[in-house]
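Understanding the architecture of this molecule
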Amino acid sequence: MVLKAFFPTCCMSADSGLLVGRWVPEQSSAVVLAVVHFPFIPVQVKELLAQVHQASRVGLAVLGTWCHRHQDAEEGLGHFLEGLGAIFSHEPWLQLSRERGGKLWSCKATCHQGPPGPAAPDEDQVMLVFYDQRKVLLSQLHPAAALPDRQAGDGTAGAEGLAVVFDTVARSEALFRSDRFDDGPVRLSHWQSEGVEASILAELAKRASGPVCALLACLLSLVSAASACRLFQLWPLSFICSKLSVCEQLRHRLEQLTLIFSTQKAENPAQLMRKANVLVSVLLDVTLGLALLSWLHGKDCIGQLAKALVPVADVSWSGSLVVLEHLFPACWGHPDCPFPAQWVGPLPPVCLQHVAEELQHLLQWLMGAPAGLKMNRALDQVLGRFFLYHLHLWISYIHLMSPFIERILWHVGLSACLGLTVALSILSDIIALLTFHIYCFYVYGARLYCLKICGLSSLWRLFRGKKWNVLRQRVDSCSYDLDQLFIGTLLFTILVFLLPTTALYYLVFTLLRLLVVAVQGLIHLLMDLVNSLPLYSLSLRLCRPYRLAAGVKFRVLEHEAGGPLRLLMQINPLPYGRVVHTYRLPSCGCHPRHSWGSLCRKLFFGELIYPWRQRGDKQD
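Residues numbered from 1 in each chain as written. Predicted model: local features only at pLDDT ≥ 70, side-chain atom pairs only at ≥ 80, totals over all residues. Heavy atoms only, no water.

The chain carries the name Phosphatidylinositol glycan anchor biosynthesis class Q in an unreviewed UniProt entry, which gives Canis lupus dingo as its organism.

The next point concerns the overall build of the chain. Scanning the chain from terminus to terminus reveals 18 helices and 13 strands. Here the chain, with 620 residues, has 39% of them falling under the buried criterion. Across the chain, the fraction of contacts at a sequence separation of at least 24, relative to all contacts at a separation of at least 6, is 72%. Element-wise, carbon and sulfur atoms account for 63% of the exposed surface of the chain, whose accessible area totals about 35800 Å². (Helix = DSSP H or I, 4+ residues; strand = E, 2+ residues; numbered from the N terminus. Buried < 20%, exposed > 50% of the residue type's maximum accessible area, 1.4 Å probe, protein only. Contact = heavy atoms within 4.5 Å. Areas by Shrake-Rupley, 256 points an atom, 1.4 Å probe, with all protein chains shown as cover.)

Let us look at a nonpolar patch on the surface. On the surface, Phe-486, Ile-487, Leu-490, Leu-491 and Ile-494 cluster together into a nonpolar patch covering about 490 Å² of accessible area. Looking at the secondary structure, you find Ile-494 in helix 15 (residues 482-532). (Patch = residues over 30% accessible without salt bridge, like charges linked within 9 Å, V, L, I, M, F, W, Y side chains within 5 Å. Salt bridge = Lys/Arg side-chain N within 4 Å of Asp/Glu carboxyl O.)

Glancing now at the side chain of Gln-140. For Gln-140, the position within the fold is in strand 8 (residues 140-141). What makes Gln-140 buried here is its relative accessible area of 19%. Excluding residues that lie within four positions of it along the chain, Gln-140 makes contacts with Pro-269, Ala-270, Met-273, Arg-547, Leu-548, Ala-549 and Tyr-583.

Bringing the environment of Gln-484 into the picture now. In this structure, Gln-484 sits in helix 15. What makes Gln-484 partly exposed here is its relative accessible area of 39%. As a C-alpha pair, Gln-484 and Leu-462 span 22 residues in sequence and 8.8 Å in three-dimensional space.

What follows concerns helix 13 (residues 420-434). Between its first and last C-alpha atoms helix 13 spans 21 Å; for 15 residues at 1.5 Å apiece the expected length is 21 Å, and the two agree. Along helix 13, the residues that are buried comprise Leu-420, Thr-421, Val-422, Ala-423, Leu-424, Ser-425, Ile-426, Ser-428, Asp-429 and Ile-431. Along its buried surface, helix 13 packs onto helix 7 (245-260), helix 8 (269-298), helix 12 (405-414) and helix 15. (Expected span 1.5 Å × (residues − 1).)

This paragraph deals with the pairing of strand 12 (residues 548-556). The pairing of strand 8 with strand 12 spans two bridges and is classified as parallel. Bridging from a neighbouring strand, Leu-141 pairs with Ala-549 of strand 12. When strand 12 meets strand 13 (residues 565-573), the two strands line up antiparallel, connected through seven bridges. If you follow Val-556 over to strand 13, its bridge partner there is Leu-567. (Pairing = 2+ DSSP bridges.)

Spelled out as structure tokens, the structure:
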């Protein structure tokens, strides 16, 4: 039988002593963790192993002896080490030795099948595997089933055997807390035997983090209780909060802060990694927000933007007069006109450069003969004046808001201190409010177009002698009389000739709506990138690739004749794509996601894009 002995590279130059580790009978493997040096008392060694077992729940034992002949050894050292097997009984008993200069290695595993006697014990072949104890302790092994195909030529061990090795080293951290400077009764050699890694700043941060996290967690619980108040669950406030992106982002930020400042300890490495990723994501978000706030206030960009927007709002009021002139051409300029005389006059040419004027010119173009198409004039005029009236309402709304624009922008700029994503969510909501008239135009056109499409499909089934069965949700045969067919033919003809006019308005406002949705989609994509990107895991993969292990590979060391096979275990880092997929953080999705096929189907049938309410089954 071939036994596998995992030996730490940090103990290759250690003095002679006992091998302490864990024996895995299922894998026929021995995981060596440390070397106990002379002099020692066997009872104290057993007490140390019992303490480590109580702290880590890992069954440790003395696996054998280690002999390093870096100096001229005494003749009786080998016999003395062999005699320790009677005190620390273990099957099999490993005997590792390294000759002078480090070129010759010897490894034997003996098994005493019966009571000690003159019979020679059985010896098994041993394969010696060297591993970096520090890297294995700090790394996290990911399941091999979730990884892509391995590269050819990479020798990897079984998933179970690797998991046992990594788990044994990780759970035996209590064994590595002592170094050669301690005055304990047992002297060990391991990866921290030259000095325990520590930092004064890290220790101070650990001591101060407990009270600070408890205080902040209490404050966050109060904020959560205030946000869950029944006042915010009333219909107008609950509806508005569910539609604003900033409310979703603030709710998501509250969840992130609650996770960061939670006083509960992470149960496993995955939760600890998620907590670290959330912390780095929030720090980066706040840093970018403060940089944006400094840039806005440093160069007085808010004041310049307000000065640019206020004249636009004032000029847009003049543009509304043009809208009123088209709405009431008969009374415009008449002595009995209800509008003051000073309002009537030539308009400044600068108003033609603004959005309201462009929409007005677009509606005038649609009310004529767009692209030489012959439209239904009566329906065209009704739709055009209807949209012009809503455009007038939007211009009046902008004019009323113009005195408060600078103050609003100043408070929006202050929200960047909560993070860049909060400022982006407010920007998305501002775009939605400023383009609300475009959304209304799109909804009106889409509803009218969808109504005609549904009417034409129902009348088309009438011509074929079919009808839609609402109870069974299917198309059944039906017999119609002459009057029903005559009325259906008239309605079908009217809808067919009115469809081009409605479809043209629907097409124009759908393109405008898609433009607004594309801009908001880019903003939400940037927000999701900041919220969900696992920056801490990616930085670990970049700076310390061994921390995220996808598996291991073995490199054959020089083999001496008659000596054991020696392998060096190296860690394969997790690919960047798998890092992002494994540790990606949840983001706050403010809009439902549609596939390209679903989007095209909605556009063709006149269904709303990103509707206020999600519908389930389609109804006729």
